[in-house]
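# Summary of structural features
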Amino acid sequence: MSDKQTEKANVQQRANFKAYDYLYFIIPSVIGILLFMFPITTAEDGITIPVAFLAEQLGELLEGILPSLLTIMLLFVAIMTVWSSMSKPSFVQQRPVLKELFDVHPVWVMIRVLGLILAVLTLYELGPEWIWSAATGGLLLFDLAPLLFTIFLFAGLLLPLLLNFGLLELCGELLNRVMRPIFTLPGRSSIDCLTSWMGDGTIGVLLTNKQYEQGFYTQREAAVIGTTFSVVSITFSIVVLSYLEIEHLFMPYYLTLVVAGLIAAVIIPRIPPLSRKPDTYIEEQQQEEDHKTDGLSPLKRGLYKAVARAKENSNPVQTLSGGVKNVLDMWFAVIPVVIAIGTVAVIIAEHTPLFAYLGAPFVPLLQLLQVPEAAQAAETMVIGFADMLLPAIIGSGIESEFTRFVIACLSVTQLIYMSEVGGLLLASKLPVKFTDLMIIFIERTLITLPVIVLMAHIIL
């Protein structure tokens, strides 16, 4: 059968969709939009999304036991990982899900064991205080890890509503002509950005990772989205403002974030290391075509593809099992890595002059850009690589409101911080290495800093 005959047959098949077939697409997708992208306002958090709100409520309910629960989970993961990697038991090898979770590279075995050790030391306050203090291990085990635990639970279970019922197919067709020329990305990537912006950057990484595994993104596209579009949420951005006591500047602050973020999103994918990632898929059959010859409008084509995708996933048991696998994958594979790498990074930032030395080259640049208190601000330029809140915490003592505004904006637009998104990216299947993250962090700093300072000079 020729290509034209195939296209004609596909169109005829799409024309045979019944009214109820569209409900397979509409109902789950609407629920997914409401849960992941519809903003709600709460008295405590201001603007957030239902998934993040549910995660926070569960976190408050389990607040007293979550650190202990996480440590028990890390113990189970470490034992299973060491056993599976060394003994190769048939119980694990014959079950693909268990094999994927526990039979990992020796590097990840060591990192998972390190995560367990650091969690135990922190939970029981054993060893030197610089390991388990509230600013180091305590920050990860008592503050960040419980948040990730609850977010992964709800996001993992509910992500199939966004992934499996056609919403991304529709958005991909509608937005492909915009996203391709501007950001070198398929249209469906817009959903990743929106879920991060309204909810949390970790949700965006999780969404991107699942689509990459399913073959919807090339290595380059997945790396670009994970490091460029998994933006910090509105809620987290407000936390930074409150640390620096400039909440009254929220509107100019967020305008600056949008402008600087868009400029970085245009430039970063076009320069190394991201530009050198190969455009190859895990599953080649999933590639999106940019040039269509079926005679359909993008809306009709997207709608037909969405309904066809939804019908493929009409089995609720299969959808639920996929959600459970998402949760286990994030709990067992990601949280140990975030605790291990994040704790080490924060210890280095808090107890060594490394980041002060690394920030020294930024002093002349900040002076050239006429940023007050340049020497104090320079240290915050690179310390954000360890944790996004560290620049705000360290910069809170700076007197100049102008400088605090610059620090607040830069700490968000730098995007790559090892205590959360950075560790999450390394623990995922996304094709990025630690050296990639370091280079991208520096690139984002150098690109967005002049934009932020220019906006600050105009606004303040």
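Whatever comes next refers back to the structure up there.
A brief look at the structure comes next. (Residues numbered from 1 in each chain as written. Predicted model: local features only at pLDDT ≥ 70, side-chain atom pairs only at ≥ 80, totals over all residues. Heavy atoms only, no water.)

### Some words on the packing of aromatic side chains
Going by this rule: Stacked, edge-to-face and tilted are the three classes for Phe, Tyr and Trp ring pairs, Trp counted by its six-membered ring, which pair at centre distances within 6.5 Å; planes under 30 degrees apart are stacked, over 60 edge-to-face, the rest tilted. In this text, helices come from DSSP runs of H or I with a minimum length of four residues, and strands from runs of E with a minimum of two, each type numbered from the N-terminal end. With a 1.4 Å probe rolled over the protein chains alone, any residue whose accessible area is under 20% of its type maximum counts as buried; one over 50% counts as exposed, and the rest are partly exposed.
A full pass over the atoms with the stated rule returns seven aromatic pairs. Note on F149 and W331: the rings are 4.3 Å apart at their centroids and 5° apart in plane angle, and the pair reads as stacked. On the criterion of sequence distance, the pair formed by F149 in helix α9 (residues 137-158) and W331 in helix α18 (residues 316-351) is long-range, its members being 182 residues apart. Grouping residues by exposure puts F149 and W331 together as buried. With centroids separated by 5.2 Å and ring planes inclined at 65°, the aromatic side chains of F385 and F441 adopt a geometry described as edge-to-face. With F385 in the loop between α21 (374-383) and α22 (389-395) and F441 in helix α25 (residues 434-459), this residue pair connects regions lying 56 residues apart in the sequence. The exposure class assigned to F385 is buried, which follows from its relative accessible area of 11%. The class of F441 is buried, set by a relative accessible area of 2%. One aromatic cluster is present, formed by F76, F102 and F332 through successive ring pairs.

### Structural notes on the packing of α9 against α18
As a reminder, the rule being used: A fitted line through C-alpha atoms represents every axis, and for helices the fit uses only the stretch in contact; the resulting angles, taken between N-to-C directions, go from 0 to 180 degrees. Here roughly perpendicular refers to angles of 65 to 115 degrees, roughly parallel to angles under 35, roughly antiparallel to angles over 145, and oblique to all remaining angles. The crossing is said to be left-handed when, going from far helix to near helix, the turn is anticlockwise and less than a right angle, and right-handed when the turn is clockwise. For this classification, Asp, Glu, Lys and Arg are treated as charged, while Ala, Val, Leu, Ile, Met, Phe, Trp, Tyr, Cys and Pro are nonpolar and the rest, including Gly, are polar.
Where α9 contacts α18, the two axes come as close as 9 Å, and the packing angle between them is 165°. Viewed along their axes, α9 and α18 adopt a mutual orientation that is roughly antiparallel. You can see that α9 and α18 cross each other, and the crossing is right-handed. For the contact of α9 with α18, the residue count by class is 20 nonpolar, six polar and no charged.

### With respect to empty space enclosed by the protein
For clarity, the threshold we go by: The method works on a 1 Å grid over the protein atoms by themselves. A cavity is a set of points holding a 1.4 Å probe that cannot get out, a pocket is an open set with protein on both sides within 12 Å along at least five of seven lines, and residues with an atom within 4 Å of a point line them. Grid points are joined across faces, edges and corners, and a volume is the space filled by probe spheres set on the points.
Within the structure shown, the criterion is met by one cavity of 30 Å³ or more. Of the volumes computed, that of the largest cavity is approximately 40 Å³. Lining the largest cavity are N209, D329, M330, A333, V334, A427, S428 and K429. Of the residues forming the lining of the largest cavity, the biggest block, four residues, is contributed by α18. The residue inventory of the lining of the largest cavity, partitioned by class, reads four nonpolar, two polar and two charged.

### A word on unusual backbone geometry
Each neighbour pair has its own omega, and for P272 with P273 the value is 5°, a cis peptide bond. Inspection of the secondary structure puts P273 in the loop between α16 (250-267) and α17 (298-312). For E125, which is not a glycine, the phi torsion comes out positive at approximately 55°. Of note, E125 is situated in the loop between α7 (106-123) and α8 (129-132). When its relative accessible area of 51% is taken as the criterion, E125 is described as exposed. Of note, the phi angle at E373 is positive, near 50°, even though the residue is not glycine. For E373, the position within the fold is in the loop between α20 (362-368) and α21.

### Notes on the environment of F216
As for its position among the elements, F216 is in the loop between α13 (201-213) and α14 (219-228). In this structure the C-alpha to C-alpha distance between F216 and E63, which are 153 residues apart in sequence, comes to 37 Å.

### Comments concerning the side chain of T227
The test is simple: Each polar contact in these results corresponds to two N or O atoms within 3.5 Å; when the atoms are within protein, one needs to be able to donate a hydrogen and the other to accept it, and residues that are neighboring in sequence are counted only if both atoms are side-chain atoms. The criterion used for residue contact is that any of the two residues' heavy atoms lie within 4.5 Å.
Relative to the helices and strands, T227 resides in helix α14. One polar contact links the side chain of T227 to the main-chain carbonyl oxygen of A223, over a distance of 2.7 Å. What T227 contacts, discounting residues up to four positions off in sequence, is L274, L415, I416, L425, V432, L437, I440 and R444.

### What to know about the packing of helix α23 (residues 401-413) against α25
Look at α23 against α25: their axes get within 9 Å of each other, and the N-to-C directions meet at 145°. The element α23 and its partner α25 pack so that their crossing is right-handed. Contacts between α23 and α25 involve F402, F405, V406, C409, L410 and T413 from the first element and R444, T445, T448, L449, I452, V453, A456, H457 and I459 from the second. Partitioning the contact of α23 with α25 into residue classes produces ten nonpolar, four polar and one charged.

### Re α16
For clarity, the threshold we go by: Residue count minus one, scaled by 1.5 Å, sets the expected span of a helix.
End to end, α16 covers 26 Å across 18 residues, agreeing with the expected 26 Å (1.5 Å per residue, within 8%). Among all positions of α16, only P252, Y253, Y254, T256, L257, A260, A264 and A265 are buried.

### Looking at the nonpolar core
To keep it simple, the criterion reads: Each nonpolar core is a collection of buried residues, namely Ala, Val, Leu, Ile, Met, Phe, Trp, Tyr and Cys, held together in the definition by side-chain atoms within 4.5 Å.
Core analysis: the biggest nonpolar cluster contains 138 residues, and F36, F152, V240, Y253, W331 and I335 have the highest contact counts within it. The element contributing the most residues to this core is α18, with 14 residues.

### Some details on the pattern of salt bridges
Threshold: Salt bridges, as used here, are contacts in which a Lys or Arg side-chain nitrogen is within 4 Å of a carboxyl oxygen on Asp or Glu.
Applying the stated criterion to the full structure yields 14 salt bridges. Among the salt bridges present, the one from K311 reaches D21, with a minimum N-O distance of 3.7 Å. You can see K311 sitting in helix α17 and its partner D21 sitting in helix α2 (residues 19-36), a full 290 residues away along the chain. The exposure class of K311 is partly exposed, given its relative accessible area of 38%. With relative accessibility at 3%, the residue D21 sits in the buried group.

### Points about α21
α21 sits mainly inside the fold: seven of its ten residues count as buried. What α21 keeps buried is the set A374, A377, A378, T380, M381, V382 and I383. In the core, the buried residues of α21 are packed alongside α18, α19 (354-359), α20, α22, α23 and α25.

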